Amino acid sequence: VNTTGETILSDFVSRWADELVATEGRDKGELIAGFYGRFFFWVNLTGFAIQAFLVARIYRWIGVSGALLILPVVAVLGYGIMAFIPIFSIIRLVKIFENSVDYSVMNTTRQALFLPTDRAAKYEGKTTIDTFFWRFGDLIQAGAFYVGLNVLGLSFTQFAMLNLVLALVWLGLAIAIGREYRHLVKT
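Residues numbered from 1 in each chain as written. Predicted model: local features only at pLDDT ≥ 70, side-chain atom pairs only at ≥ 80, totals over all residues. Heavy atoms only, no water.

**So, helix α1 (residues 2-24)**
- The terminal C-alpha atoms of α1, which comprises 23 residues, lie 32 Å apart, in line with the 33 Å expected from a rise of 1.5 Å per residue.
- Taken residue by residue, α1 has Asn-2, Thr-4, Gly-5, Ile-8, Leu-9, Asp-11, Phe-12, Val-13, Ala-17 and Leu-20 as its buried positions.
- Buried residues along α1 sit in contact with α2 (28-53), α4 (70-84), α5 (88-112), α6 (119-151) and α7 (156-186).
- Taken from the residues just after α1, Gly-25 is the one with a positive phi, measuring 70°. (Helix = DSSP H or I, 4+ residues; strand = E, 2+ residues; numbered from the N terminus. Expected span 1.5 Å × (residues − 1). Buried < 20%, exposed > 50% of the residue type's maximum accessible area, 1.4 Å probe, protein only. Contact = heavy atoms within 4.5 Å.)

In structure tokens form, the structure reads like this:
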């Protein structure tokens, strides 16, 4: 979901830069570099603020199971907005917030899921997930994006709708994983 969102953002950035090159004669490479410099500044600043001031409180208020739901809810809301209001500034804000939550709350929560597991799950299962399954997921996403763009001819608005549907599925999976986590903590 996040990687497809990055592709949607990069397409809008490229179109924005093309418009400025055509109207103002500016350098496309500099425009894109400047955009992403500012974009990642805000992602990192927001992610730091969330990590420093909210993550511990989130765990105290809603626990790890509740924290699992935050990024899918952000994705559902964000891609719902993107699908119906595909405006560049809105897409930029959605992606800043999504990436900030991913790097702060979700990354910490992914690690916390392994706390109640046995040693083998921590060291063997986590390694397999972090190496093979993350990369395999990226490969599936790239293939799906290629098929969607080149075979099915989907627009970026349709990709946002697809991400909305996938985020809803993700939300359901997060609920199920949260239940299993609570079960593991109790035993």
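More follows now that the structure is in view.
**Notes on the confidence of the model for the chain**
- In the predicted model, the chain carries a mean pLDDT of 94, and 100% of its residues have values of at least 70.
- Taken element by element, the chain is modelled with least confidence in α6, mean pLDDT 88, and with most confidence in α2, mean pLDDT 98. (pLDDT = per-residue confidence, 0-100.)

**Focus: the packing of α2 against α5**
- Close contact between α2 and α5 brings their axes to 8 Å; oriented N to C, the two are set at 40°. By the angle between their directions, the pair α2 and α5 is classed as oblique. Seen along the crossing, α2 lies across α5 with a hand that is right-handed. Here Phe-35, Phe-39, Trp-42, Val-43, Thr-46, Gly-47, Ile-50 and Gln-51 of α2 come into contact with α5, specifically with Phe-88, Arg-92, Lys-95, Ile-96, Phe-97, Asn-99, Ser-100, Val-101, Tyr-103, Ser-104, Val-105 and Thr-108.
- Across the contact of α2 with α5, the residue classes tally to 11 nonpolar, seven polar and two charged. (Axes fitted to C-alpha atoms, helices over the stretch in contact; angles between N-to-C directions. Parallel < 35°, antiparallel > 145°, perpendicular 65-115°, else oblique. Left-handed = near helix turned anticlockwise from the far one by under 90°. Nonpolar A, V, L, I, M, F, W, Y, C, P; charged D, E, K, R; others polar.)

**Some details on the nonpolar core**
- Counting 22 residues, the largest nonpolar core has Ile-8, Leu-9, Phe-35, Phe-39, Met-82, Phe-88 and Ile-91 as the members making the most contacts within it.
- Only α1, α2, α4, α5 and α7 provide two or more residues apiece to this core.
- Once you skip the residues sitting within four places of it in the chain, Met-82 turns out to touch Ile-8, Ile-91, Val-94, Lys-95 and Ala-160.
- In terms of nonpolar packing, the next biggest core, distinct from the first, is built from 11 residues, Leu-68, Leu-71, Met-106 and Ala-174 among them. (Core = buried A, V, L, I, M, F, W, Y, C linked by side-chain atoms within 4.5 Å.)

**Let's talk about the packing of aromatic side chains**
- Following the criterion strictly, the structure yields 14 aromatic pairs and no others.
- Between Phe-35 and Phe-39 the ring centres are 5.9 Å apart and the planes differ by 15°, which places this aromatic pair in the stacked class. Of this pair, Phe-35 and Phe-39 both sit in helix α2, four residues apart, which is roughly one turn of that helix.
- Aromatic pair Phe-39 and Phe-40: ring centres 5.0 Å apart, planes at 80°, arrangement edge-to-face.
- Residue class for Phe-40 comes out partly exposed when judged on its relative accessible area of 33%.
- The positively charged end of Arg-15 is found above the aromatic ring belonging to Phe-12, 5.1 Å away from the centroid. (Phe/Tyr/Trp six-rings, centres within 6.5 Å; stacked < 30°, edge-to-face > 60°. Lys NZ or Arg CZ within 6 Å of the ring centre and 35° of its normal.)

**Focus: the environment of Val-64**
- Mapped onto the elements, Val-64 comes out in helix α3 (residues 55-67).
- Filtering out sequence-adjacent residues up to four positions away, Val-64 remains in contact with Tyr-59, Thr-109, Ala-112, Leu-113 and Tyr-181.

**Considering the pattern of salt bridges**
- One pass over the structure, following the stated rule, counts eight salt bridges.
- Close ionic contact of Asp-18 with Lys-28 constitutes a salt bridge, the shortest N to O distance being 2.8 Å. With Asp-18 in helix α1 and Lys-28 in helix α2, the pair connects residues that are 10 residues apart, well separated along the chain.
- The exposure class assigned to Asp-18 is partly exposed, which follows from its relative accessible area of 38%.
- Put simply, Lys-95 and Glu-98 hold a salt bridge, and the shortest N to O gap is 2.7 Å. Residue Lys-95 and its partner Glu-98 are located together in helix α5, separated by three residues, close to a single helical turn. The residues Lys-95 and Glu-98 share a single accessibility class, namely buried.
- Among the charged side chains, a network of salt bridges with common partners joins Glu-6, Lys-95 and Glu-98. (Salt bridge = Lys/Arg side-chain N within 4 Å of Asp/Glu carboxyl O.)

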